[in-house]
Amino acid sequence: MKRLAACMIVVCLLLPLAVQAAGVSPSPPKSTPSSSGDSSSGTTKSGGKKIVKLDLEDLIGNLEKWSQDDPDQYEYLKKLLYIPFVPPKNYSAPTVLIWYPNSTENAKITRNEKLDIYAWVKNENPIEVRSDVYLYLEAKGPGQENFTRIGSQRVILANEYSSKSNSTTRDWSGLTPFLDSREVGNATFRIWFNDMHSTYCTDTMYSEPFHQNNFFSVLELDLVNSPPKVDEESVSVEPSRARYNDPIRYEARFADSDGDLINVTLHLLDDQNKEIVNYTQEVPSGTNVTFAATEYGLFGERDAGKNFSYMYTYGDGLDSNRTEIYLGPSILPSPKIFVSDPNVEAADENRYWWQNYRFSLKVKNPDVSNLKIDLYTSTPSHPNMYQKTKTINASDEVQDVIFDLQPFDVSDADESFSYYFRYSETDQNSREEMGGTSGGKINPKIVKYPIYSMVTVVNILAVLLAALACGVVIERRFYR
Amino acid sequence: MMRLELLLLGLILAILGLAMVIHKTCLDRIYHRVRKTTDGNFEMEELKKHLELPQGSNFNTMMLLSWLLFFVGMAYLFFQTPAIFQNWNYFQLPRIASAWYGMIIFGWGVMGLTFIPAVVIPEIYKYYIIHGTIKKMMTFLAPLLLTISILLSLYLGAIYPRTDDMIWYCGYFALLAPLILLLSPVFLSIKGGVR
């Protein structure tokens with residue numbers, strides 16, 4: 001366009017020079033362009049009149065000089081030389097509409113939705129009168145005040161219209177104009193075009209907004225958004241009990257039905273649910289997001305023995321939400337004691353339920369005073385049954401902690417059993433308990449007293465005497 | 001094995017039931033005979049009162065003792081270990097079963113549950129003339145055999161889960177024999193022993 005304008009000015013400037021050469025004085029010629037006087041230009045006399053010959057470079061040089069030396073006169077010169085372009089007679093501006101197929105079904109759009117919008121242009125002018133048409137699609141998103149151009153320029157040449165209908169289309173396919181929108185609501189489209197004579201916008205060129213079938217002067221769509229969701233079953237922290245330097249991983253999966261990218265923030269909370277730190281990742285919908293504790297340096301030695309919890313906040317830029325608070329991980333304390341060789345022995349090989357059993361554990365406890373060790377046994381009849389507690393003090397030597405007791409009753413007969421020691425400090429395996437299982441079943445024998453024992457004699461005598469006493473009393477009371 | 005033991009239990013109950021039927025039949029027969037001969041208007045209770053014979057305090061006491069022991073012996077033999085009734089046995093109460101006084105509780109419990117039949121059944125003896133020899137056998141032999149049955153049952157409980165069929169059958173015989181002996185006045189009444 002600039003080049004065209006420059007050519008027009010040059011042509012216009014030549015005209016007054018020609019007029020001046022012919023003796024016609026333009027009004028008001030307050031100044032005349034000075035000759036550069038170089039070898040490429042010259043003056044001649046013809047019929048007593050001085051004729052100045054200018055080549056193109058001189059002319060341009062003079063124009064540039066004039067524009068700087070005397071801008072007011074230069075502007076006046078331009079005004080004199082301006083000749084408005086007059087469209088041909090009977091010329092009518094082309095009709096331009098937005099064609100949006102399936103407009104009813106697609107009236108609601110999301111930020112990621114690829115739009116296919118067309119310009120439908122009808123030019124009733126004869127081909128010799130038609131001019132090129134330049135089109136832009138413009139859009140105004142929710143909360144925006146002005147239209148902005150989207151997609152690239154489309155051009156329709158004079159001969160590119162259908163010979164039958166004098167119409168043609170241009171498309172803008174695969175547009176995602178509101179990808180970065182932070183609001184939902186009304187989205188408006190219009191077409192800006194220029195037909196070499198005038199510039200038009202489809203939203204203002206018609207007296208009334210046009211809408212018929214899938215054709216619009218102004219296309220209005222509803223930009224909507226679906227919030228992302230968390231797959232609660234996928235939320236995990238593994239392992240839930242670990243040392244501070246173990247590879248602890250937080251994992252979760254989020255999905256956005258619109259396919260938006262999801263900003264996921266992991267909030268690490270202390271045991272009072274106060275936030276310690278948070279980290280954010282942007283992930284595609286439906287993919288697992290992983291926060292590796294070692295990568296982010298979430299835990300240190302100072303965290304040994306502490307319990308943590310966590311939650312996620314997540315959003316797609318428009319809607320955000322948070323998960324519930326999940327427990328974990330529990331950072332295992334640093335080992336204070338070393339335990340080994342849990343063992344159990346029955347008083348003899350019969351392994352009766354009424355016998356004593358000797359439970360033992362080797363403990364090296366160099367630091368902890370009053371280390372408490374509890375013994376638990378477990379049978380189907382008495383699961384996790386507490387038996388006894390022993391307390392030991394710190395020592396550099398390995399100590400044998402022994403429980404010699406009768407842990408079972410008759411309901412445990414003919415059953416296997418397990419046992420474990422639970423201690424008040426953490427062992428070398430970051431655990432607070434160690435145990436084992438019995439080598440075999442408890443003897444199925446139920447009655448522990450032999451037939452010839454005093455207990456049996458007492459039992460039978462007690463029954464006989466009771467029966468006799470009943471007989472005597474009843475006979476005296478009812479039979480006499 | 002289990003089915004046979006149940007049959008043997010059924011035999012004991014059948015003998016008991018048969019004795020009760022015979023006893024009632026005898027009384028009814030006498031009642032009807034007396035009513036025919038006297039044309040009188042009296043009740044069964046009145047007849048029973050007239051038919052009563054004193055059997056002696058010692059005899060009555062021993063019969064009460066014997067019947068109490070009979071029910072205790074039957075419970076010890078059939079309901080002590082899970083060998084016969086898996087879910088209905090004394091060992092289902094493991095805390096009592098493993099206590100030193102467990103068999104006392106069990107025996108007293110059985111006496112409490114069978115108190116009424118053990119007290120009511122001996123009343124039938126006062127309607128029968130019981131021969132002296134039988135009376136002596138009933139008085140001395142029945143409690144002795146029942147005590148033996150109880151001891152054998154205790155032995156079976158002490159060795160459980162081992163079993164000893166011979167001991168069990170001995171225990172059963174020691175239970176069945178006194179039962180028949182205790183009910184012998186009723187059975188002998190068929191020959192006209194009722195007064």
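Keep in mind it's a predicted model, so treat the numbers as computed, not measured.

In this assembly, 36 residues from chain B lie in contact with 30 residues from chain A. Here chain B packs against chain A, burying approximately 2800 Å² in sum over the two surfaces, 75% of which is carbon and sulfur. Among the residues chain B hides against chain A, the three largest losses belong to Ser98, Trp100 and Ala158 of chain B. Together they make up 18% of the total. The interface formed by chain B and chain A contains 0 salt bridges. Between the two partners, chain B and chain A, sit 7 residue pairs in polar contact (both at pLDDT 80 or more).

Here we take up the packing of aromatic side chains. All names here are of chain A. Applying the stated criterion across every chain yields a total of 40 aromatic pairs over all chains. Consider the rings of Phe291 and Tyr312, whose centres lie 6.2 Å apart with planes at 40 degrees: the pair is tilted. Separated by 21 residues along the polypeptide, Phe291 in strand 19 (residues 288–292) and Tyr312 in strand 20 (residues 307–315) bring together distant segments of the chain. Tyr312 carries the same exposure label as Phe291, and that label is buried. With 5.9 Å between their ring centres and 85 degrees between their planes, Tyr419 and Phe421 make a pair best called edge-to-face. Phe421 carries the same exposure label as Tyr419, and that label is buried. Among the aromatic residues, ring-to-ring pairing joins Tyr250, Phe254, Tyr279, Phe291, Tyr296, Tyr310, Tyr312, Tyr314 and Tyr326 into one connected group. Across the ring face of Phe403, the terminal group of Lys390 is positioned such that the distance to the ring centre comes to 5.6 Å. Geometry around Tyr376 places Arg422 over its ring, the cationic atom sitting 5.0 Å from the centre.

Right, let's get into the sheet that holds strand 19 of chain A. All names here are of chain A. Taken in spatial order, the 3 strands of this open sheet run 14-16-19, and their pairing is antiparallel. At either end of the open sheet lies a strand with only one pairing partner, and these are strand 14 (229–238) and strand 19. For this sheet the average axis-to-axis angle between neighbouring strands, irrespective of direction, equals 15 degrees. Across 6 bridges, the pairing between strand 14 and strand 16 (residues 249–255) is antiparallel. In the strand pairing of strand 16, Val230 is matched with Phe254.

For the rest of this paragraph, the subject is empty space enclosed by the protein. Inspection of every chain in the model, using the stated rule, returns 1 cavity of 30 Å³ or more. By volume, the largest cavity is sized at about 140 Å³. If you go around the largest cavity, you meet 17 residues; those closest to its centre are Val447, Tyr449 and Thr456 of chain A together with Met103 and Leu154 of chain B. Counting only elements with at least two residues in the lining of the largest cavity, the list comes to helix 5 (454–478) of chain A together with helix 5 (102–113) and helix 7 (132–159) of chain B. Looking at the lining of the largest cavity residue by residue, the classes come out as 12 nonpolar, 5 polar and no charged.

This part is about unusual backbone geometry. Residue and element names in this part refer to chain A. Along the chain, Glu238 connects to Pro239 via a cis peptide bond; the corresponding omega equals -15 degrees. Take Pro239: it is sitting in the loop between strand 14 and strand 15 (241–242). With omega at -5 degrees, the peptide bond leading from Gly328 into Pro329 counts as cis. When you line up the elements, Pro329 lands in strand 22 (residues 326–331). The phi angle at Asn102 is positive, at roughly 55 degrees, despite the residue not being glycine. Counting through the fold element by element, Asn102 comes out in the loop between strand 3 (95–99) and strand 4 (108–109). By relative accessible area, which is 44% here, Asn102 ends up partly exposed.

Before going further, it helps to examine the environment of Gly315 of chain A. Relative to the helices and strands, Gly315 of chain A resides in strand 20. In the structure, Gly315 of chain A is positioned 88 residues away from Pro227 of chain A in sequence and 7.1 Å away in space, judged by C-alpha atoms.

Moving on to the packing of helix 2 (residues 56–69) of chain A against helix 3 (residues 71–81) of chain A. Residues and elements named next belong to chain A. With their axes 5 Å apart at the nearest point, helix 2 and helix 3 run at an angle of 125 degrees to one another. When the axis of helix 2 is compared with that of helix 3, the two are oblique. Here Leu63, Trp66, Ser67, Gln68 and Asp69 of helix 2 come into contact with helix 3, specifically with Pro71, Tyr74 and Leu77.

What follows covers the pattern of salt bridges. For the coordinates displayed, the defined rule picks out 16 salt bridges over all chains. Its salt-bridge partner being Glu433 of chain A, residue Arg422 of chain A comes within 3.1 Å of it at the nearest N-O pair. You can see Arg422 of chain A sitting in strand 28 (residues 418–423) and its partner Glu433 of chain A sitting in strand 29 (residues 433–437), a full 11 residues away along the chain. Arg422 of chain A sits in the partly exposed class, given a relative accessible area of 33%. With its nearest N and O atoms 3.3 Å apart, the salt bridge here joins Asp28 of chain B to Lys24 of chain B. Taken together, the residues span about one helical turn, with Asp28 of chain B and Lys24 of chain B both in helix 1 (residues 2–38) at a distance of 4 residues. Its relative accessible area of 51% is what places Lys24 of chain B among the exposed residues. Several salt bridges converge on common partners, so that one network encompasses Glu138, Arg149, Arg190 and Asp203 of chain A.

The next subject is the sheet that holds strand 12 (residues 215–216) of chain A. Read from one edge to the other, the open sheet built from 5 strands follows the order 8-5-3-12-11 (chain A), with strand pairing classed as antiparallel. Looking along the sheet, the strands with just one partner apiece sit at the ends: strand 8 (167–175) and strand 11 (211–212) of chain A.

Reading guide: rules and limits
- Residues numbered from 1 in each chain as written.
- Chains lettered and ligands numbered in written order.
- Predicted model: local features only at pLDDT ≥ 70, side-chain atom pairs only at ≥ 80, totals over all residues.
- Heavy atoms only, no water.
- Contact = heavy atoms within 4.5 Å.
- Buried area = accessible area lost by both parts, 1.4 Å probe.
- Salt bridge = Lys/Arg side-chain N within 4 Å of Asp/Glu carboxyl O.
- Polar contact = N/O pair within 3.5 Å; in protein donor to acceptor, adjacent residues only side chain to side chain.
- Phe/Tyr/Trp six-rings, centres within 6.5 Å; stacked < 30°, edge-to-face > 60°.
- Helix = DSSP H or I, 4+ residues; strand = E, 2+ residues; numbered from the N terminus.
- Buried < 20%, exposed > 50% of the residue type's maximum accessible area, 1.4 Å probe, protein only.
- Lys NZ or Arg CZ within 6 Å of the ring centre and 35° of its normal.
- Pairing = 2+ DSSP bridges.
- Axes fitted to C-alpha atoms, helices over the stretch in contact; angles between N-to-C directions.
- 1 Å grid on protein atoms, 1.4 Å probe; cavity = no way out; pocket = protein on both sides within 12 Å on 5 of 7 lines; lining within 4 Å.
- Points joined across faces, edges and corners; volume = space filled by probe spheres on them.
- Nonpolar A, V, L, I, M, F, W, Y, C, P; charged D, E, K, R; others polar.
- Parallel < 35°, antiparallel > 145°, perpendicular 65-115°, else oblique.

Fair warning: the whole summary comes from geometry, so function is off the table for now.
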